[in-house]
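The lines below spell out each chain.
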Amino acid sequence: MTQVVITGANRGIGLALTQLYLDADCDVAACCRHPEEANALHALMDKHEGLELFELDVSSSDAIASLGEALKGRPIHRLINNAGYYGPKGVSLGNSPEDEWQAMFSINCIGPLKLVESLTEGLCQGQGIIANLSSKMGSMADNSSGGAYLYRSVKAAQNAVTKSLAIDLAPYGVKAVALHPGWVKTAMGGPNALIDTQTSAAGLYRVIEGLTSAQSGGFFDYQGNIIPW
Ligand code: NDP
């Protein structure tokens, strides 16, 4: 049985990915900040025995350690670091709020790495794939409009983490990849976004499940196109 761990599984892209992996008969450890309020996940639990809910705030090292303990001994085949936070919109140069930037860094970059550290044994046992939900906005080459200092910088930092993980864990058969999900209609993407969560998740699923060793350490969009760093 394939064991999948997904963060931010209660809504948006994380929920769509959870649904897809359950439909593929995988066991899914769906992590979210408030499992008791995760109504969509509770509805899925009625239909899927392989779904377990775990409380996880990815900015809490205690919560990450607890999840590591709860999953100890299990091979982990997929870790999808999906939870993300865009932070305040429309922040102009000269007004970047440090507290928000730190919170964003913690959720988008530090949390994903600490989670890998907490689950390394299981990932190695499962020869797993670490899929980090990044953004094109973290690409230097794609930045032609400036601004968005906070979000661009935390996703770029996450990309650096992904690349090192791919190199360091390759000897254990573990792969790591940075993924841009497209511009997706979620709370973060907003109503004018180009694609729905099902389209994004289906594409991400294909890229993750088809990932080769040669592609590990790369940066791809949900259609499998390479994104320049
Ligand atoms: P949403 O804003 O719809 O959902 C964000 C998810 O992250 C929620 O489940 C939220 O949980 C969770 N989350 C936020 N903070 C924490 C935390 N501290 N601990 C645990 N979970 C947390 O985002 P999307 O579904 O749109 O985005 C998913 C990923 O894709 C993110 O990493 C995002 O940066 C990336 N992305 C999205 C794009 C888009 O167009 N939507 C474009 C490019 C990248 P809660 O419900 O508790 O708040």
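Residues numbered from 1 in each chain as written. Predicted model: local features only at pLDDT ≥ 70, side-chain atom pairs only at ≥ 80, totals over all residues. Heavy atoms only, no water.

- As recorded in an unreviewed UniProt entry, the chain goes by Putative oxidoreductase protein and comes from Shewanella amazonensis.
- The record in UniProt for the chain states the following under Sequence similarities (unreviewed entry): "Belongs to the short-chain dehydrogenases/reductases (SDR) family." (UniProt positions renumbered as here; feature names shortened; annotations may be inferred.)

1. Re the side chain of N82
(1) Moving on: Relative to the elements of secondary structure, N82 occurs in the loop between β4 (78-81) and α4 (98-125).
(2) Moving on: Judged by relative accessible area, which is 12%, N82 ranks as buried.
(3) Moving on: Those residues within four positions of N82 in sequence are excluded, and the remaining contacts are I6, T7, G8, I13, G14 and L133. (Helix = DSSP H or I, 4+ residues; strand = E, 2+ residues; numbered from the N terminus. Buried < 20%, exposed > 50% of the residue type's maximum accessible area, 1.4 Å probe, protein only. Contact = heavy atoms within 4.5 Å.)

2. Examining the layout of surface pockets
It is a probe the size of a water molecule, rolled over the atoms, that shows where empty space is left.
(1) Moving on: Counted as a void, the largest pocket has a volume near 1000 Å³.
(2) Moving on: Forming the boundary of the largest pocket are 36 residues, of which G84, Y85, Y86, T186 and M188 lie nearest the centre.
(3) Moving on: Where the lining of the largest pocket is concerned, the elements lending two or more residues are α1 (12-23) and α5 (149-169).
(4) Moving on: The element that contributes the greatest number of residues to the lining of the largest pocket is α1, accounting for three residues.
(5) Moving on: Of the residues assigned to the lining of the largest pocket, the class counts are 16 nonpolar, 14 polar and six charged.
(6) Moving on: One number sums up the size of the second largest pocket: a volume of about 150 Å³.
(7) Moving on: Taken together, 14 residues form the lining of the second largest pocket, with G68, K72, S118, L119 and E121 sitting closest to its centre.
(8) Moving on: Sorting the residues of the lining of the second largest pocket by element identifies α3 (61-70) and α4 as the ones contributing at least two each.
(9) Moving on: The element that contributes the greatest number of residues to the lining of the second largest pocket is α4, accounting for six residues. (1 Å grid on protein atoms, 1.4 Å probe; cavity = no way out; pocket = protein on both sides within 12 Å on 5 of 7 lines; lining within 4 Å. Points joined across faces, edges and corners; volume = space filled by probe spheres on them. Nonpolar A, V, L, I, M, F, W, Y, C, P; charged D, E, K, R; others polar.)

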